[in-house]
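# Fold and geometry: a report
The lines below spell out each chain.
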Amino acid sequence: MFSEEINKAEALRWAMVGGGRGSQIGYAHRSGASRDGHFKLVAGAFDIDADRCRDFGINLGLDADRCYADYQVMFETEAKREDGIQAVSIATPNGTHYAISKAALLAGLHVVCEKPVTFTVAEAQELKEIASQHSRIFGVMYGYTGFQMIHQAKEMIQRGDLGEIRVINMQFAHGFHATEVEKNDPGAKWRMNPEVSGPTYVLGDVGTHAFYLAQLMAGLTVDSLCCTRQSFVKSRAPLEDNAHVMMRFTNGAVGTLWASGVNAGSMHQQKIRVIGEKASIEWWDERPNQLSYEIQGEPARVLERGMGYLHNDDLAVSSNRIGGGHPEGFFESWANLYSRFGIVMKAMNAGDLETVNNTWYPDIDAGIEGVQLLERCVESADDNAKWVDFA
Ligand SMILES: NC(=O)c1ccc[n+]([C@@H]2O[C@H](COP(=O)([O-])OP(=O)(O)OC[C@H]3O[C@@H](n4cnc5c(N)ncnc54)[C@H](O)[C@@H]3O)[C@@H](O)[C@H]2O)c1
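Residues numbered from 1 in each chain as written. Predicted model: local features only at pLDDT ≥ 70, side-chain atom pairs only at ≥ 80, totals over all residues. Heavy atoms only, no water.

## Quick look at the site of the ligand
What counts, and what does not: In these notes, residues near a molecule or strand are those with any non-hydrogen atom within 4 Å of it. Counting of polar contacts relies on pairs of N or O atoms within 3.5 Å, with two restrictions inside protein: one atom must be capable of donating a hydrogen and the other of accepting it, and residues adjacent in sequence are counted only when both atoms are side-chain atoms. Calculation of accessible area relied on Shrake-Rupley with a 1.4 Å probe; when residues are assessed, cover is drawn exclusively from the protein chains displayed. Classification convention: Asp, Glu, Lys, Arg as charged; Ala, Val, Leu, Ile, Met, Phe, Trp, Tyr, Cys, Pro as nonpolar; all other residues, Gly among them, as polar. What counts as a domain boundary in this text is fixed by an automatic or database domain assignment.
Around the ligand there are 25 residues in total, and Q24, N94, E114, W190 and R191 lie nearest to it. Take H97: an N or O atom from its side chain is 3.0 Å from an oxygen atom of the ligand. One of the side-chain nitrogen or oxygen atoms of W190 is found 2.9 Å away from an oxygen atom of the ligand. For the ligand, the accessible surface in isolation is 840 Å², of which the surrounding protein chains cover 88%. Classifying every residue of the shell around the ligand gives 10 nonpolar, 10 polar and 5 charged. Here the shell around the ligand spans two domains, since at least three of its residues come from each of domain 1 (8-144 + 336-363) and domain 2 (147-322 + 370-389).

## Side note on the nonpolar core
Note on soluble globular proteins: their nonpolar side chains tend to be buried together. For the record, the criterion: Definition used in this section: a nonpolar core is a set of buried Ala, Val, Leu, Ile, Met, Phe, Trp, Tyr and Cys residues joined via side-chain atoms within 4.5 Å. Remark: exposure states derive from per-residue accessible area (1.4 Å probe, protein chains only) relative to the maximum for the residue type, with buried under 20%, exposed over 50%, and partly exposed in between. The numbering of helices and of strands both runs from the N terminus, where a helix is a DSSP run of H or I of at least 4 residues and a strand a run of E of at least 2. The contact definition used throughout considers only heavy atoms, calling two residues in contact when any of these lie within 4.5 Å.
Ranked by size, the top nonpolar core spans 115 residues in total, and within it M74, F75, F138, I168, M170, M247 and I281 carry the most contacts. Considering each element in turn, this core owes the most residues, 11 residues, to helix α9 (residues 202-218). For this core, the two domains that each supply at least three residues are domain 1 (8-144 + 336-363) and domain 2 (147-322 + 370-389). Once residues lying within four places of it in the same chain are set aside, the contact partners of M247 are M170, F211, V222, S224, L225, A253, V254, G255, L257, L373 and W387.

## Digging into the sheet that holds strand β4 (residues 110-113)
Test applied: For two strands to count as paired, DSSP must find a minimum of two bridges between them. The axes are straight lines fitted to the C-alpha atoms, using for helices just the contacting stretch, and the angles between their N-to-C directions are given from 0 to 180°.
An order of β2-β1-β3-β4-β5 is seen for the 5 strands of this open sheet, with the pairing classed as parallel. The open sheet has two edge strands, β2 (39-45) and β5 (138-140), and neither has a second partner. Across this sheet, the average inter-strand angle for adjacent strands is 25°, counted without regard to direction. Bridge analysis of β4 against β5 gives 3 bridges, and the strand direction is parallel. What sits directly across from V112, in β5, is G139.

## Digging into the domain arrangement of the chain
We count it as follows: When two components associate, each loses some accessible surface as probed by a 1.4 Å sphere; the sum of these losses over both components is called the buried area. Salt bridge, as used here: a side-chain nitrogen of Lys or Arg that lies within 4 Å of a carboxyl oxygen of Asp or Glu.
Domain annotation for the chain reports domain 1 (8-144 + 336-363) and domain 2 (147-322 + 370-389). Each of domain 1 and domain 2 has a C-alpha centre, and these two points are 26 Å apart. Taken residue by residue, the interface counts 22 residues in domain 1 and 33 residues in domain 2. Regarding the contact of domain 1 and domain 2, the summed buried area is about 2200 Å², with carbon and sulfur atoms giving 56% of it. On the surface where domain 1 and domain 2 come into contact, there are 2 salt bridges. Notably, a salt bridge pairs R321 with D36, separated by 2.9 Å at the nearest N-O pair. For the pair domain 1 and domain 2, the interface holds 7 residue pairs in polar contact (both at pLDDT 80 or more). Residues belonging to the side of domain 1 that touches domain 2 are distributed by class as follows: 10 nonpolar, 8 polar and 4 charged.

## Some words on the sheet that holds strand β10 (residues 270-276)
Backbone hydrogen bonds are what pair the strands of a sheet, in a parallel or an antiparallel way. An order of β13-β12-β11-β10-β6-β9-β8-β7-β14 is seen for the 9 strands of this open sheet, with the pairing classed as mixed. The open sheet terminates on both sides in strands that have one partner only, identified here as β13 (301-304) and β14 (388-389). Of the pairings in the sheet, the one linking strand β8 (residues 242-249) to strand β9 (residues 254-260) comprises 7 bridges and is antiparallel in character. The partner of M246 across the bridge, within β9, is T256. Across the sheet, α9 is in contact with β6 (165-173), β7 (222-230), β8, β9, β10 and β11 (279-284); its angle to β6 comes to roughly 150°. Contacts from helix α13 (residues 364-381) reach β7, β8, β9 and β14, with the element oriented near 60° to β7.

## Topic: helix α5 (residues 121-133)
Convention followed: Residue count minus one, scaled by 1.5 Å, sets the expected span of a helix.
The terminal C-alpha atoms of α5, which comprises 13 residues, lie 18 Å apart, in line with the 18 Å expected from a rise of 1.5 Å per residue. Every buried residue of α5 is listed here: V121, A124, L127, I130 and A131. Among the structural elements, α4 (97-106), β5 and α13 are those in contact with the buried residues of α5. Note on α5: the residue one or two positions beyond its end, S135, has a positive phi of about 50°.

## Considerations on the environment of S266
Secondary-structure assignment places S266 in the loop between β9 and β10. Sequence-wise, S266 and H174 are 92 residues apart; in three dimensions their C-alpha atoms are separated by 5.2 Å. In this structure, S266 is in contact with A173, H174 and G175, ignoring residues within four places of it in sequence. A polar contact of 2.7 Å, which involves the side chain of S266, links it to the backbone oxygen of A173.

## Description of the pairing of β4
For the record, the criterion: With the strands aimed away from the viewer, a crossover counts as right-handed if its path from the first strand over the helix to the second runs clockwise.
By the alternation rule, side chains of β4 split into H110 and V112 and V111 and C113, which are all buried. Once you follow strand β3 (residues 87-91) into α4 and on to β4, the crossover reads as right-handed. As a crossover connection, the stretch from β4 through α5 into β5 is right-handed.

## Observations regarding the packing of aromatic side chains
The description of an aromatic ring pair rests on the distance of the ring centres and on the angle between the ring planes. Applicable threshold: Only Phe, Tyr and Trp rings take part, Trp by its six-membered ring, and two of them pair if their centres are within 6.5 Å. Stacked means planes under 30 degrees apart, edge-to-face means over 60, and tilted covers everything else.
Counted according to the given criterion, the structure contains 15 aromatic pairs. Taking 5.5 Å as the distance between ring centres and 50° as the angle between the ring planes, the aromatic pair formed by F147 and W283 counts as tilted. Here F147, found in the loop between β5 and α6 (148-159), pairs with W283, found in strand β11; they are 136 residues apart in sequence, far enough to count as distant. With respect to burial, F147 and W283 carry one shared label: buried. Ring centres 6.2 Å apart and planes at 80° place the aromatic pair F341 and Y361 in the edge-to-face group. With a gap of 20 residues between them, F341 in helix α11 (residues 330-349) and Y361 in the loop between α12 (353-358) and α13 connect regions that are remote in the sequence. Note on F341: relative accessible area 0%, which makes it buried.

Following this line, the structure appears as structure tokens:
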């Protein structure tokens, strides 16, 4: 069971860039970070609009002089304070992640950045090098990976419960953008603009989540892939609102990834199905407390979070905040991740590299692999769905 006995006096002084009033994901960051006392919000450059940022920050309880019009000013000003910020989360549109992350690391801050971390693999690798040179933690907000049943799945695959892995089906295919909603929705509009969103839309926006979940669960290495992508709402071209990817893994397994915003009628439909020679497991983010486990020739079963028959893996059990039967959800998953970020950031500050190296969290390598997926998908799709090497 999760332990809430941490010393709240040791909360890291934390700020946000982006995630302002009305943003889609700002509250999830603040809720996750504040839940367990590892982080205390003390400053922010929350908004592209300086007045709205100030008003919003004050309403959140911040001092007016710590609500900044600009992230550069925030990093410079906070660095001069004895009680200045130690960590920052970046929840701005994709095109700004690289510059803000780089500036934060160079200012000596630990970083949690939204996905996709950058537009190019070269940029993401540069961030990794800077983080390493400055001994800073770089976490990536793959927010679904704090769900306990993902870690149960990982443990089952590692123990061989499924046998050799043969097929992985990944999908995140929602229907919210089945029509041209971006005409009236600024939060959707930037996602369709290559200058802000990057070289992809749904592949980066949702495909990276499903891909990383599968990579975390099964731990396979992608050998090559082929991708086809379409803009069913024509005005979105050249960015896709639907994409299919086929993958070959180095162990001989194969996989598919379906990323879509035009799956009319669907909510999320984020599902990962891992098929081995003996059995299959399937996880669905709309029912995150359950994991389907189907052994060939036996009745299908559903494993439930919080039950004694689960493998006693670190995250599958120790992050339970309440017993089985009571549904935990999205915000608990984020809190689990922010707990991990807090633990490794504090350990890094204390020079405790053993804890840093032995604590799992979605790190910059996870971010790099996500951007690599996007680069390879674009390369393939724009060359008539040619098979391309992943590495
Ligand atoms: N991890 C997840 O599950 C998840 C879910 C949704 C969005 N995201 C990611 O989070 C990021 C933000 O997405 P969103 O949907 O919240 O966007 P949004 O458009 O709803 O909100 C963006 C916020 O950033 C602010 N902003 C923009 N540029 C800024 C700048 N230069 N400085 C300070 N603030 C700035 C805006 O004013 C706004 O408050 C994206 O990278 C997106 O991919 C991740």
